[in-house]
Amino acid sequence: MKSSNLWWLLTIAGGILIALGIFCLTSPLRAYVFLAHYSGLALLVNGILLMIVSYKSIGTLREKEWILAESVLDILFAACLLFNPFMTFIAFAILFGPWMIGKGILRIFAAIKLKLIRGRIFVFFAGLLSIVFGLLVIFYPLSKANGITIFLGLFALIMGTLYVFDSVRYRKLTDSLDLML
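Before going into details, it helps to say that this report is about the structure given with it. Along each chain, residues carry numbers from 1 onward, in the same order as the chain's sequence is written. Residue-level local features of this predicted model are given only where pLDDT is at least 70; pairs of side-chain atoms are given and counted only at 80 or more, and the full residue set underlies all totals for whole chains, interfaces and linings. Hydrogens and water molecules were not included; the side-chain quantities draw on all heavy atoms of the structure.

### Here's the deal with the nonpolar core
Generally speaking, soluble globular proteins have nonpolar side chains that are buried together.
Then step 1. With 26 residues, the main nonpolar core has Phe92, Phe96, Met100, Leu152 and Met159 as its most contacted residues.
Then step 2. Helix and strand assignments follow DSSP, with helices taken as H or I runs no shorter than four residues and strands as E runs no shorter than two, numbered in order from the N terminus. Taken together, the elements giving at least two residues each to this core come down to α1 (7-26), α2 (28-56), α3 (61-83), α4 (85-113), α5 (120-139) and α6 (145-170).
Then step 3. The element best represented in this core is α6, accounting for seven residues.
Then step 4. Setting aside its immediate chain neighbours within four residues, Phe96 contacts Phe77 and Leu152. By nonpolar core is meant a set of buried Ala, Val, Leu, Ile, Met, Phe, Trp, Tyr and Cys residues that side-chain atoms within 4.5 Å join together. Categorising residues by exposure relies on relative accessible area from a 1.4 Å probe, with only protein chains included: less than 20% of the type maximum marks a residue as buried, more than 50% marks it as exposed, and the intermediate range marks it as partly exposed. Any two residues whose heavy atoms approach within 4.5 Å at even a single point are treated as in contact.

Shown next, in the form of structure tokens:
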């Protein structure tokens with residue numbers, strides 16, 4: 001099997017998500033302030049990394065299109081967060097839930113369309129998980145900032161762990177699931 005040169009990006013993303021999950025669960029209020037302040041910048045970087053992956057992807061052309069769509073969604077959401085930091089702090093939960101649902105829908109459609117890509121079940125369940133957590137963020141009573149960070153912390157821990165397992169599993173395959181970044 002030919003080795004993929006992009007699997008390590010998935011490992012880094014997983015490690016960052018795990019660290020973020022631990023931070024959200026151990027210090028919810030500080031995590032909310034941190035997320036409201038820096039999430040726009042982080043999503044902009046993630047969107048740019050996804051765009052790079054889409055152009056350098058060794059997967060099929062259809063996979064590149066899905067990765068590019070996800071990168072555009074991240075960059076648009078990042079722009080919303082970066083242009084008005086005060087509004088981001090107030091409306092973070094209102095903005096974050098729909099973004100998670102949008103990413104989940106993209107992943108589910110990608111899993112359905114990319115029938116020949118190895119690991120598409122993983123992509124499907126990651127999309128489903130994103131939708132569930134997005135709905136929880138939207139409909140959970142957000143009177144306390146730590147409520148949202150607990151959901152985000154759990155989501156980040158689960159997704160980070162899945163990313164790390166996926167990167168190890170696919171590091172030697174040519175059809176690495178770069179879509180999961």
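### Description of the environment of Phe89
Then step 1. Note on placement: Phe89 falls in helix α4.
Then step 2. With relative accessibility at 37%, the residue Phe89 sits in the partly exposed group.
Then step 3. Counting along the chain gives 56 residues from Phe89 to Val33, while the straight-line C-alpha distance between them is 7.1 Å.
Then step 4. Setting aside residues no more than four positions away along its own chain, Phe89 makes contact with Tyr32, Val33 and Ala36.

### Description of a nonpolar patch on the surface
Then step 1. Two joining distances apply to patches: 9 Å for like charges and 5 Å for nonpolar side chains (Val, Leu, Ile, Met, Phe, Trp, Tyr), and every residue must have over 30% relative accessible area and no salt bridge. Residue-level accessible areas treat just the shown protein chains as cover; the underlying method is Shrake-Rupley with a 1.4 Å probe. Should a side-chain nitrogen of Lys or Arg be within 4 Å of a carboxyl oxygen of Asp or Glu, the pair is scored as a salt bridge. Nonpolar side chains collect at one region of the surface, where Phe34, Tyr38, Leu41, Val45, Ile48, Leu49, Ile52 and Leu82 lie side by side and expose about 680 Å² of accessible area between them.
Then step 2. No other element matches the seven residues that α2 contributes to the nonpolar patch.
Then step 3. Looking at where Leu82 falls in the secondary structure, it is placed in helix α3.

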